[in-house]
Amino acid sequence: MFKKRKIKIKIKICGLKYYNNISSIIDLYPDFIGFIFFEKSPRFVGDNFLAPDTIGISKVGVFVNEKEDKLLKLSIKNNLDFVQLHGDESPYYCRNISKKGIKIIKSFGIDHNFDFEKIKEYIDHVKYFLFDFKSNLYGGTGKKFFWEKIDNYNFKVPFILSGGINSNDFDKINNLNIPKLLGIDLNSCFENKPGLKNLNLLKKFISRIKYKYLSDYHGFYGNFGGAYIPEMLYNNINYLKNEYNKIINNNSFKKQLKRLLHNYVGRPSPLFYCKNLSKIYGAKIYLKREDLNHTGSHKINNTIGQALLAKEIGKKNIISETGAGQHGVATSTICSLLGLKCTIFMGEVDIKRQIQNVYRMKMLGANIIAVNSGSKTLKDSVNEAIRYWINNPDCYYMIGSAVGPDPYPRMVSYFQSIISEEIKEQLKEKESGILPNYIIACLGGGSNAAGIFYHFLDDEYVKLIGVEASGLGLNTNKTAATIQKGSRGVLHGSMTILMQDKYGQILEPYSISAGLDYPGIGPMHANLFYKNRATFISVTDFEAIEAGIELSSLEGIIPALESAHAIASLKKLSFKKKDLVIINLSGRGDKDMDTYIKHIENK
Ligand SMILES: *Cc1c(COP(=O)(O)O)cnc(C)c1O
């Protein structure tokens, strides 16, 4: 039904040799790095070489007709994840070493006459194949074989494409639609000399291939994102970025996170089929029930991830800011659980508006600092928190949405990506793995949307819909519809789209729902908008409340006003009968009862 999916292409960088160059390559996060243990190659690593440790990157040793015992020895000494066999090794040879627990990539040189029947005998003994240009020089020739030869490849073993891939091949690779293509091998066309890789060329190429919609390693989503920060913040941010990059591939960290999400938050959250809603809107509608999480919204997914990170890097003081108090409560909650000190900056105006959440945070042991500068609301609290962080670099600053300087947007998006990760699993069971036609989420800063979009970004078949709050209407100045009303600029350390006047001053946003009341949008969404990957629509206060009331009466679920915006979009989209629609129900409506009551009483 949907099979037209884009493949995530893995990157293998091969023929590394020089230690300094290798550690720079590791910072590019390829999926595999390869070292050549064949004396006749100009990229031979030498007899005294020792491959450095890597986390999350597989190490490959390349061998040509090597003796079994020497290959085993080198494999153990260098802690290799794979051996790549580049000579005339027989299926028998492969069977023998694979029996010793070694994973094999078997390489074949392809020419016009190559007969793919030949590789059949290897299938049960190897993990991957690698197809290269046929030559007597054993790799790194910079020449391509005839890629048409692999168009119809359909053995069960995935393969890596090699042989003279260069920067100009981007479109060609991007258009390859071979299900078993695992990745590409980059070697001689990205070098200054044999074995010394050209980092700039590699960086550019990898980010084009890998990060079409996700950020690159500098936090850029296309032309958005990055870290536009005052110099005084540089050390704090840089330290955080390095630590985050390290920890995110650490298995014990991932396990801790998983355990808390399961036992404390109650994940996985249900994917609930709404029969009554579906009947009315003529599509098959599911809700992802983030409202059932502990503390009542998706925000806890992110605060747990960041709090564990803080703990792991030895930070005991957490600071954060909050507008409506939702992120403040989620932060205080996890700090209380993990025994971290918690300080929350909150505007005086917001404190008066959200007194319940203020007392929640106090009960949870947080220290609230009232901010009385500027308009005494969220943006002023951000400023105060940043000022405090500069003076107290030992603190950990916990941002609550997919905004701010790198690494925050990609970190928050990643911690929220559990939402779409679970959906993909749940769809296997409920819809035999069919991809949805629509994914819908409301947008404040963009974290719940980033989380539910994340694992569908490359499935271009899936329409992604972001719903902004237009407040009293797009034509009034009481609105928070950033993408509709905004323009490009820097907000809170990130190049993005924001609402600003012609002098670049931030316009005060407005929405009935406190969580959508933000003048910017996360850089991921700005990029999705510019690349036409997602569609952004807006919903007024009135439409959202009505949708919230409708959902309550039809399905027995009272949504947060933020989430009610996503529900209201159903009236603005037209579906086909069989369309599969998933809406992120980001939070529950308890906190919004006063607003609902007012609306009902005035009717
Ligand atoms: C905070 C909040 C939002 C908006 O924040 P995003 O970062 O855009 O997800 C949406 N829904 C709920 C329930 C919230 O608490």
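All values reported here derive from a predicted model rather than from experimental measurement. (Residues numbered from 1 in each chain as written. Predicted model: local features only at pLDDT ≥ 70, side-chain atom pairs only at ≥ 80, totals over all residues. Heavy atoms only, no water.)

Participant: An account of the overall build of the chain is requested, with residue identities and associated values reported.
Facilitator: Helices and strands together make up the secondary structure of the chain, namely 21 helices and 24 strands. Over its C-alpha trace the chain gives a radius of gyration of 26 Å, about what one expects of a compact globule, namely 25 Å for 603 residues. In terms of its C-alpha atoms, the chain occupies a principal-axis envelope of roughly 85 × 60 × 50 Å. Taken across its 603 residues, the chain has 58% of its residues classed as buried. Relative to all contacts within the chain whose residues are 6 or more apart in sequence, the contacts with residues 24 or more apart total 69%. (Helix = DSSP H or I, 4+ residues; strand = E, 2+ residues; numbered from the N terminus. Rg over C-alpha atoms; globule rule 2.2 N^0.38 Å. Buried < 20%, exposed > 50% of the residue type's maximum accessible area, 1.4 Å probe, protein only. Contact = heavy atoms within 4.5 Å.)

Participant: Talk me through the site of the ligand; I want residue IDs and the actual numbers.
Facilitator: Neighbouring residues of the ligand: 17 residues in total, closest Lys299, Ser401, Gly444, Gly446 and Ser447. Within the backbone of Gly445, a nitrogen or oxygen atom sits 3.2 Å from an oxygen atom of the ligand. Here Ser586 contributes a side-chain N or O atom positioned 2.8 Å from a nitrogen atom of the ligand. With the chains in place, 97% of the 380 Å² that the ligand exposes on its own is no longer accessible. Among the residues making up the shell around the ligand, the classes are represented as 3 nonpolar, 12 polar and 2 charged. The residues that make up the shell around the ligand include at least three from each of domain 2 (220–261 + 298–410) and domain 3 (265–295 + 417–602). (Near = heavy atom within 4 Å. Polar contact = N/O pair within 3.5 Å; in protein donor to acceptor, adjacent residues only side chain to side chain. Areas by Shrake-Rupley, 256 points an atom, 1.4 Å probe, with all protein chains shown as cover. Nonpolar A, V, L, I, M, F, W, Y, C, P; charged D, E, K, R; others polar. Domains from an automatic or database assignment.)

Participant: Talk me through the domain arrangement of the chain; I want residue IDs and the actual numbers.
Facilitator: What the domain assignment lists for the chain is domain 1 (10–209), domain 2 (220–261 + 298–410) and domain 3 (265–295 + 417–602). Buried surface at the junction of domain 2 and domain 3, both sides included, amounts to about 2,800 Å², of which 62% is carbon and sulfur. In terms of surface lost to domain 3, no three residues of domain 2 exceed Phe224, Leu261 and His298, which account for 26% of the buried area on that side. Counting across the interface, domain 2 meets domain 3 through 0 salt bridges. Connecting domain 2 to domain 3 are 11 residue pairs in polar contact (both at pLDDT 80 or more). Contributions of two or more residues to the side of domain 2 that touches domain 3 are made by strand E12 (224–225), helix H7 (251–265), helix H9 (299–312), helix H10 (326–338) and helix H13 (378–391). Of the residues assigned to the side of domain 2 that touches domain 3, the class counts are 16 nonpolar, 14 polar and 2 charged. (Buried area = accessible area lost by both parts, 1.4 Å probe. Salt bridge = Lys/Arg side-chain N within 4 Å of Asp/Glu carboxyl O.)

Participant: Kindly report on a nonpolar patch on the surface, identifying the contributing residues and their values.
Facilitator: On the surface, a nonpolar cluster with roughly 240 Å² of combined accessible area is contributed by Ile558, Met593 and Ile597. Taking relative accessible area as the criterion, Ile597 reaches 41% and is therefore assigned partly exposed. (Patch = residues over 30% accessible without salt bridge, like charges linked within 9 Å, V, L, I, M, F, W, Y side chains within 5 Å.)

Participant: Quick one: what's the story with the packing of H7 against H9, residue by residue and with numbers?
Facilitator: Contact geometry of H7 with H9 gives a least axis separation of 10 Å together with a crossing angle of 140 degrees. Compared by their axis directions, H7 and H9 come out oblique. By crossing handedness, the relation of H7 to H9 is classed as right-handed. Where H7 abuts H9, its residues Phe253, Gln256, Leu257, Leu260, Leu261, Tyr264 and Val265 lie against Ile300, Asn301, Ile304, Gly305, Leu308, Leu309 and Glu312. Of the residues contributing to the contact of H7 with H9, the split by class is 10 nonpolar, 3 polar and 1 charged. (Axes fitted to C-alpha atoms, helices over the stretch in contact; angles between N-to-C directions. Parallel < 35°, antiparallel > 145°, perpendicular 65-115°, else oblique. Left-handed = near helix turned anticlockwise from the far one by under 90°.)

Participant: Lay out the sheet that holds strand E8 (residues 181–186) in plain terms, naming residues and giving numbers.
Facilitator: Strand order in the closed barrel formed by 8 strands is E1-E2-E3-E4-E5-E6-E7-E8, with parallel pairing between adjacent strands. The mean angle between the axes of side-by-side strands here comes to 30 degrees, regardless of whether they run parallel or antiparallel. Where strand E1 (residues 10–16) lies against E8, 4 bridges are found, and the strand directions are parallel. Among the inter-strand pairings, Lys10 is bridged to a residue of E8, identified as Gly183. (Pairing = 2+ DSSP bridges.)

Participant: Report on the environment of Pro559, specifying residues and quantitative values.
Facilitator: Considering the arrangement of structural elements, one finds Pro559 in the loop between helix H19 (541–555) and helix H20 (561–568). Classification of Pro559 as buried rests on a relative accessible area of 0%. Considered as a pair, Pro559 and Ala547 are 12 residues apart in the sequence and their alpha carbons are 9.1 Å apart. Residues in contact with Pro559, not counting those within four places in the same chain, are Gly548, Leu551, Ser552, Ala564, Leu585, Gly587, Arg588, Gly589 and Tyr596.

Participant: How would you sum up the pairing of strand E14 (residues 284–289)? Please name residues and give values.
Facilitator: Within E14, 5 of the 6 residues are buried, leaving the element largely enclosed by the surrounding structure. Inspection of the sheet shows strand E13 (residues 271–273) paired to E14 by 3 bridges, in the antiparallel sense. Of the residues in E14, the one forming a bridge with Leu271 is Lys288.

Participant: I'd like to hear about the nonpolar core, residue by residue, with values.
Facilitator: Within the largest apolar cluster, 144 residues are counted, with the highest numbers of intra-cluster contacts made by Phe129, Phe131, Leu161, Ile184 and Tyr396. Per-element tally for this core: the top contributor is H9, with 6 residues. Excluding anything up to four places from it in sequence, Phe129 contacts Ile105, Lys106, Phe108, Ile119, Tyr122, Ile123, Tyr153, Val157, Pro158, Phe159 and Ile160. Core analysis: the next-biggest nonpolar cluster, separate from the first, contains 33 residues, Leu277, Val467, Ile537 and Ile583 among them. (Core = buried A, V, L, I, M, F, W, Y, C linked by side-chain atoms within 4.5 Å.)

Participant: Tell me what's going on with the packing of aromatic side chains, and back it up with residues and numbers.
Facilitator: Scanning the model with the defined rule gives 31 aromatic pairs in all. The interplanar angle of 65 degrees and the centroid separation of 6.4 Å between the aromatic rings of Phe37 and Phe49 together place this pair among those described as edge-to-face. Of the two residues, Phe37 is situated in the loop between strand E2 (32–36) and strand E3 (58–63) and Phe49 in the loop between E2 and E3; the sequence distance between them amounts to 12 residues. Accessibility expressed as a relative area gives 6% for Phe37, which makes it buried. A relative accessible area of 4% means that Phe49 is categorised as buried. Plain terms: the ring middles of Tyr438 and Phe575 are 5.1 Å apart, the flat faces sit at 85 degrees to each other, and that makes the pair edge-to-face. Placement of the pair is Tyr438 in strand E19 (residues 438–442) and Phe575 in the loop between H20 and strand E24 (580–585), with a sequence separation of 137 residues. With respect to burial, Tyr438 and Phe575 carry one shared label: buried. (Phe/Tyr/Trp six-rings, centres within 6.5 Å; stacked < 30°, edge-to-face > 60°.)

Participant: Just give me the short version of the side chain of Asp350, but keep the residues and values in it.
Facilitator: Secondary-structure assignment places Asp350 in helix H11 (residues 348–353). Once you skip the residues sitting within four places of it in the chain, Asp350 turns out to touch Thr322, Gly323, Lys376, Thr377 and Leu378.

Participant: Requested: an account of unusual backbone geometry, with residues and values cited.
Facilitator: Looking along the chain, the bond that leaves Arg267 and enters Pro268 is cis, with omega of -5 degrees. Within the secondary structure, Pro268 sits in the loop between H7 and E13. Note the cis peptide between Asp406 and Pro407, where omega equals 15 degrees. With respect to the element layout, Pro407 can be found in the loop between strand E18 (396–397) and helix H14 (408–416). For Tyr29, which is not glycine, the phi dihedral falls at a positive 50 degrees. In this structure, Tyr29 sits in the loop between helix H1 (19–26) and E2. Tyr29 gets classed as partly exposed once you look at its relative accessible area, which sits at 24%. We note that Asn79 has phi near 55 degrees; this positive angle belongs to a residue other than glycine. By secondary structure assignment, the location of Asn79 is in the loop between helix H2 (68–77) and strand E4 (82–85).

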